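Each chain is listed here by its residues.
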Amino acid sequence: MSPRRWLLADQLGPHFLDDPDQPVLLVEARELFRRRPLHRQKAHLILSALRHRAAELGDRALLLRTGTFREALAQVGGPVEVCHPHSRAAMRFVRSVPGLAVLPARGFVTGQADFAAWADGRRGPLRMVDFYRYALRHHGVLTAPAGDPAPRRRPRPASAASPVPAPPPVVEDEIDAQVRRDLDRWAADGVRFVGRDGPRRFPATHAEAQARLAHFLRYRLPEYDRYAEVMSAQDPLLAHSGLSSSFNLGLLDAQPAVRAAERAWRDGLAPRSAVERFLRGLLGWREFLWQLYWYVEPRRPGAGWPAATEPLPQWFADLDADAVEACCLADVLAAVRDHAFTHHVPRLLVLGNYALQRGWRPAELVDWFQRVFVDGTDWVMNATVLGMSHDADLSHVETRPYAVDGTDIDEISDYCLGCRYSPERALGDLACPYTGGFETFLHRNRARLADDPRLAAELLRRDDPEHREAVLAQEEKRGSTPP
């Protein structure tokens with residue numbers, strides 16, 4: 001008897017099956033939605049993707065709606081197998097189920113044994129940039145020459161929206177309508193969600209994700225390098241792909257996407273600088289974070305920052321953007337509330353940066369990012385929030401915390417143009433909360449930051465005793481209230 005392949009909610013693409021006639025198990029476990037409040041649109045996307053996959057598979061799929069996974073598995077007769085899960089909690093569970101076979105991981109380019117061999121041979125910290133160079137060589141990506149005379153273009157300030165066509169829209173269907181009715185009923189029964197409901201904006205099927213990828217490669221990738229590191233209130237997506245949830249749901253396979261981006265360069269459709277930047281995210285960061293999640297033994301989140309002890313404030317946890325006057329934070333928090341998504345720059349320099357400056361507990365911030373972002377997963381958010389935003393695992397991810405003041409945000413965005421705060425000011429009624437917060441962060445963590453040349457220089461420049469004490473008093477009074 002052929003084993004039934006259990007497809008988890010992040011394993012919904014065709015590459016998670018081996019046989020066109022393979023029987024499939026899909027499970028909606030309501031307990032996962034009761035356990036902690038998810039963004040309403042994240043919950044909708046998960047259920048929509050599961051139900052669309054069941055509809056695609058037809059009679060081959062057994063879709064069970066139960067309280068827990070264990071209850072569902074108890075209803076299945078015959079052998080069941082599952083691909084390597086994407087979280088340690090899920091892995092512990094599948095290993096606890098008698099007779100459940102666990103297959104190797106899929107959807108990633110570098111194998112776990114290859115990563116371990118690379119990591120075991122390293123001396124010193126494991127860095128993404130070194131892994132990325134290894135991955136390019138190991139997989140033979142961007143190796144052979146191709147004519148690309150265009151020089152690398154510096155990203156322009158985001159004073160205007162990106163001149164690239166919008167991605168093809170998602171068209172909801174009856175499955176989405178039923179999901180919305182079910183979530184309304186769940187909410188009435190006490191299941192709590194955060195954020196606003198709205199039309200589904202992200203792919204729930206492999207076909208939808210493929211259409212978005214093809215559009216990105218043709219129309220947006222050529223401009224990706226120009227807009228990758230800027231932010232704009234006029235165009236939150238700019239030239240980004242918006243495909244992170246599609247990869248994290250398993251709707252897209254990384255290997256063919258990498259090769260498709262490489263072909264775009266070889267065919268002259270996109271400059272190498274743009275393709276390189278895209279591949280650094282897909283073949284570099286994404287692969288590195290996944291491998292590191294399984295290679296490094298977990299530790300208590302946020303152990304590296306003893307000063308980060310403040311609880312996440314309620315206005316932030318509940319996505320209350322209307323309570324915020326600082327334009328950048330208000331706009332980004334509203335985007336999360338309304339769409340469950342922003343690209344990586346606002347996540348790091350607006351959300352994570354502010355939390356770092358205010359000393360909010362990293363573990364609570366990780367949990368928040370996982371719950372409110374449509375692409376939030378354990379293996380991504382642990383490393384990016386703790387290792388990048390909060391520098392709490394310095395030896396494995398980054399060389400410094402992502403802490404900047406308002407002038408840095410002003411340089412790469414159009415947020416400060418209409419803001420009541422002045423990015424150059426650290427003191428007074430017009431003082432930017434990011435600028436005052438950055439100075440406070442430097443002073444409170446001066447001992448830890450002494451070995452960081454950039455931050456040590458910033459600290460020295462702001463070390464007038466009278467000014468320092470005034471800023472510290474001002475920001476202590478502001479605390480974690482909405483800026």
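No experiment lies behind these values; they were computed from the predicted model shown.

## Observations concerning the overall build of the protein chain
Regarding its fold elements, the protein chain presents 22 helices and seven strands. Put simply, 73% of the contacts in the protein chain that link residues at least 6 apart link residues at least 24 apart. Roughly 20,300 Å² of accessible area belongs to the protein chain as shown, and the carbon and sulfur atoms make up 53% of that amount.

## Observations regarding helix α8 (residues 206–220)
Under the 1.5 Å per step criterion, the end-to-end length of α8 is 20 Å for 15 residues, consistent within 8% with the ideal 21 Å. Those residues of α8 not exposed but buried are Glu208, Ala209, Arg212, Leu213, His215, Phe216, Leu217 and Arg220.

## Overview of unusual backbone geometry
The phi dihedral of Leu142 falls on the positive side, at around 60°, and the residue is not glycine. Following the sequence through the fold, Leu142 ends up in the loop between α6 (128–139) and α7 (174–188). Despite not being glycine, Leu319 has its phi angle at roughly 60°, a positive value. Tracing the backbone shows Leu319 in the loop between α13 (314–317) and α14 (327–339). Residue class for Leu319 comes out buried when judged on its relative accessible area of 1%.

## Let's talk about the side chain of His84
Relative to the helices and strands, His84 is located in the loop between β5 (80–83) and α4 (88–96). Ignoring any residue separated from it by four or fewer positions in sequence, one finds His84 in contact with Gln11, Met91, Val102, Leu103, Pro104, Ala105, Gln112, Trp290 and Trp294.

## Thoughts on the pairing of β5
Within a regular strand, side chains alternate between the sheet's two faces. A two-sided burial pattern is seen for β5, the buried positions comprising Val80 and Val82 on one face and Glu81 and Cys83 on the other. Direction of pairing for strand β1 (residues 4–6) relative to β5: parallel, over a ladder of three bridges. When the bridges of β5 are listed, Arg5 appears paired with Glu81. The sheet contact formed by β5 and strand β6 (residues 101–103) spans three bridges and is parallel. Residue pairing for β6: Cys83 is matched across the bridge by Leu103.

## Side note on the pattern of salt bridges
The tally for this structure, following the rule as stated, stands at 36 salt bridges. The partner of Asp197 in a salt bridge is Arg180, with the nearest N and O atoms 2.9 Å apart. On the criterion of sequence distance, the pair formed by Asp197 in the loop between β7 (193–194) and α8 and Arg180 in helix α7 is long-range, its members being 17 residues apart. Since its relative accessible area comes to 35%, Asp197 is described here as partly exposed. Residue class for Arg180 comes out buried when judged on its relative accessible area of 19%. For Glu475, the salt bridge identified is with Arg478, shortest N-O distance 3.0 Å. Of the two residues, Glu475 and Arg478 are both situated in helix α22 (residues 465–478); the distance of three residues between them amounts to about one turn of the helix.

## Here we look at the nonpolar core
Generally speaking, a soluble globular protein has its nonpolar side chains buried in company with each other. Trp6, Leu221, Phe316, Leu329, Leu351 and Trp368 are the most contacted members of the largest nonpolar core, which totals 139 residues. Per-element tally for this core: the top contributor is helix α12 (residues 272–295), with 13 residues. What Phe316 contacts, discounting residues up to four positions off in sequence, is Leu329, Leu333, Leu351, Trp360, Leu365 and Trp368. Leu356, Ala403, Phe438 and Leu459 belong to the second largest nonpolar core, which has eight residues in total.

## What about the environment of Val170?
For Val170, the location among the structural elements is in the loop between α6 and α7. Assessed through its relative accessible area of 17%, Val170 is described here as buried. Between the C-alpha atoms of Val170 and Glu208, which are 38 residues apart in sequence, the distance is 7.4 Å. Beyond its immediate chain neighbours, meaning those up to four positions away, Val170 contacts Arg200, Arg201, Phe202, Pro203, Glu208 and Arg212.

## Brief notes about empty space enclosed by the protein
For the structure shown, the criterion picks out three cavities of 30 Å³ or more. Taken as a whole, the largest cavity holds about 80 Å³ of empty space. Lining of the largest cavity is provided by 13 residues; of these, Cys328, Cys416, Cys419, Cys432 and Tyr434 occupy positions nearest its centre. Going through the elements one at a time, α14, α18 (406–411) and α19 (433–444) are the ones with two or more residues in the lining of the largest cavity. In the lining of the largest cavity, the residues fall into twelve nonpolar, one polar and no charged.

## A closer look at the sheet that holds strand β2 (residues 24–29)
In space, the five strands of this open sheet follow the order β4-β2-β1-β5-β6, with parallel pairing throughout. Looking at the sheet topology across the chains shown, the edges are occupied by β4 (61–66) and β6. With direction set aside, neighbouring strand axes in the sheet form an average angle of 30°. Where helix α2 (residues 40–57) meets the sheet, its contacts fall on β2 and β4, and the angle it forms with β2 comes to roughly 155°.

## Quick notes on the packing of helix α5 (residues 112–120) against α12
Contact pair α5 / α12: the axes reach a minimum separation of 10 Å and the direction vectors enclose 80°. Comparing the axis directions of α5 and α12 gives the class roughly perpendicular. For the pair α5 and α12, the contacting residues are Gln112, Phe115, Ala116, Trp118, Ala119 and Asp120 in the first and Phe288, Trp290, Gln291, Leu292, Trp294 and Tyr295 in the second. The residue makeup of the contact of α5 with α12, split by class, is nine nonpolar, two polar and one charged.

## Topic: the packing of α19 against helix α21 (residues 453–461)
One way to put it is that α19 packs onto α21 with a least axis distance of 10 Å and a crossing angle of 105°. With respect to each other, α19 and α21 are oriented roughly perpendicular. From α19, Phe438, Leu442 and His443 reach across to α21, where they touch Leu455, Glu458 and Leu459.

Cut-offs applied
- Residues numbered from 1 in each chain as written.
- Predicted model: local features only at pLDDT ≥ 70, side-chain atom pairs only at ≥ 80, totals over all residues.
- Heavy atoms only, no water.
- Helix = DSSP H or I, 4+ residues; strand = E, 2+ residues; numbered from the N terminus.
- Contact = heavy atoms within 4.5 Å.
- Areas by Shrake-Rupley, 256 points an atom, 1.4 Å probe, with all protein chains shown as cover.
- Expected span 1.5 Å × (residues − 1).
- Buried < 20%, exposed > 50% of the residue type's maximum accessible area, 1.4 Å probe, protein only.
- Pairing = 2+ DSSP bridges.
- Salt bridge = Lys/Arg side-chain N within 4 Å of Asp/Glu carboxyl O.
- Core = buried A, V, L, I, M, F, W, Y, C linked by side-chain atoms within 4.5 Å.
- 1 Å grid on protein atoms, 1.4 Å probe; cavity = no way out; pocket = protein on both sides within 12 Å on 5 of 7 lines; lining within 4 Å.
- Points joined across faces, edges and corners; volume = space filled by probe spheres on them.
- Nonpolar A, V, L, I, M, F, W, Y, C, P; charged D, E, K, R; others polar.
- Axes fitted to C-alpha atoms, helices over the stretch in contact; angles between N-to-C directions.
- Parallel < 35°, antiparallel > 145°, perpendicular 65-115°, else oblique.

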